[in-house]
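Residue-level listing of the chains:
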Amino acid sequence: MAINLQKGQRINLTKENGTTLSQACVGINWGAIEKKSFFGGTSKEAVDLDGSCILYDSNKNMTEVIYFGNLKSKNASVRHSGDDLTGDVNGDDGLDNEVITVDFSNLDSNVEHVAMVLHSYKGQDFGTIPFASIRIYEGTPTSVKEVFAKYDIANDKSFSGHVSMVMGVFYKRNGEWKFNAIGDPTSDKKLEQTVKTVQEKYL
């Protein structure tokens, strides 16, 4: 059963059958903004959210960034499904618009922190974006087996007024991977700034 993540909550990656998750997907889903016209009609404004993954070593140094301009890590242990520029313009289709897949068993041995961050590319306020949500699950970008945890961004007022956030950090302890559900909006506008924010505040 999926956990509705609370900020600062830490969860292990143990499945219902007691085995440990070796691969996880982080899926991001969102819709288009409905705009009312001067004459009473409505139109849809496309929304471009960007999920990104930042890898850090034990010294908190960034080793790689996987994002819409770099869709997989050097050894392919982290993969990005590709840049979605619009969101679900015709309503929620139940599928994630962007998915980042992490194969923990194949990560470089020096990687100890895997940070997941989200940005609104055009500066559109998280608080105005319909059904924006994040979920962590076992499966593939097109098949969900078991949802471990989820964020409901659209209905959390703390994200209103912001265009970037730190979703959370997978971290290695005694050879096991766990997840720190951070869920903090940041004042950053660019991914480069968030790389430093995570480094300074969340590792």
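Bear in mind the structure is a predicted one, so any value in this text is a computation, not a measurement.

Draft legend 1. Looking closely at the pairing of strand β9 (residues 98-103). A large share of β9 lies buried, amounting to six of its six residues. Every second residue of β9 is oriented toward a common face, with E98, I100 and V102 on one face and V99, T101 and D103 on the other, all of them buried. The pairing of strand β3 (residues 23-29) with β9 spans six bridges and is classified as antiparallel. Across the sheet, the residue bridging to A24 is V102, located in β9. Looking at chain direction, strand β8 (residues 78-80) and β9 are connected through three bridges and run antiparallel. Residue pairing for β9: R79 is matched across the bridge by T101.

Draft legend 2. Summary view of the pairing of β3. Burial runs high along β3: six of the seven residues are buried. In the sheet, β3 pairs with strand β11 (residues 133-140) via five bridges, with the strands oriented antiparallel. Bridge pairing links C25 to Y137 in β11.

Draft legend 3. Region of the structure containing the pattern of salt bridges. Counted under the stated rule, the structure contains three salt bridges. In this structure, E45 and K35 form a salt bridge, with 3.7 Å as the shortest nitrogen-oxygen distance. Placement of E45 in strand β5 (residues 42-45) and of K35 in strand β4 (residues 33-36) is noted, with a sequence separation of 10 residues between them. Residue E45 is classed as partly exposed on the basis of its relative accessible area of 28%. With relative accessibility at 37%, the residue K35 sits in the partly exposed group. The shortest N-O distance in the salt bridge between D96 and R135 comes to 3.0 Å. One end of the pair, D96, is in the loop between β8 and β9; the other, R135, is in strand β11, with 39 residues separating them in the sequence. A relative accessible area of 16% places D96 in the buried class. Among the residues examined, R135 registers a relative accessible area of 23% and is labelled partly exposed.

Draft legend 4. Here's a closer look at the confidence of the model for the protein. Considering every residue of the protein, the mean pLDDT works out to 89; 94% of them sit at 70 or more. Ranking the helices and strands of the protein by mean pLDDT puts β8 first, with 98, and strand β1 (residues 3-4) last, with 53.

Draft legend 5. Summary view of helix α1 (residues 191-201). Along α1, the residues classified as buried are L191, T194, V195, T197 and V198. Along the long axis of α1, the arc covered by the buried residues comes to 165 degrees, so they all point the same way. For α1, exposure combined with an orientation more than 90 degrees from the buried face picks out E192, K196 and E200.

Draft legend 6. Representation of the environment of A32 in the model. Mapped onto the elements of the fold, A32 is located in the loop between β3 and β4. Each C-alpha atom, one on A32 and one on L85, is 10 Å from the other, the two residues being 53 residues apart in sequence. Ignoring any residue separated from it by four or fewer positions in sequence, one finds A32 in contact with K44, E45, A46, V47, T86, D88, V89 and P130.

Calculation criteria
Residues numbered from 1 in each chain as written. Predicted model: local features only at pLDDT ≥ 70, side-chain atom pairs only at ≥ 80, totals over all residues. Heavy atoms only, no water. Buried < 20%, exposed > 50% of the residue type's maximum accessible area, 1.4 Å probe, protein only. Helix = DSSP H or I, 4+ residues; strand = E, 2+ residues; numbered from the N terminus. Pairing = 2+ DSSP bridges. Salt bridge = Lys/Arg side-chain N within 4 Å of Asp/Glu carboxyl O. pLDDT = per-residue confidence, 0-100. Arc of directions from axis to C-beta. Contact = heavy atoms within 4.5 Å.

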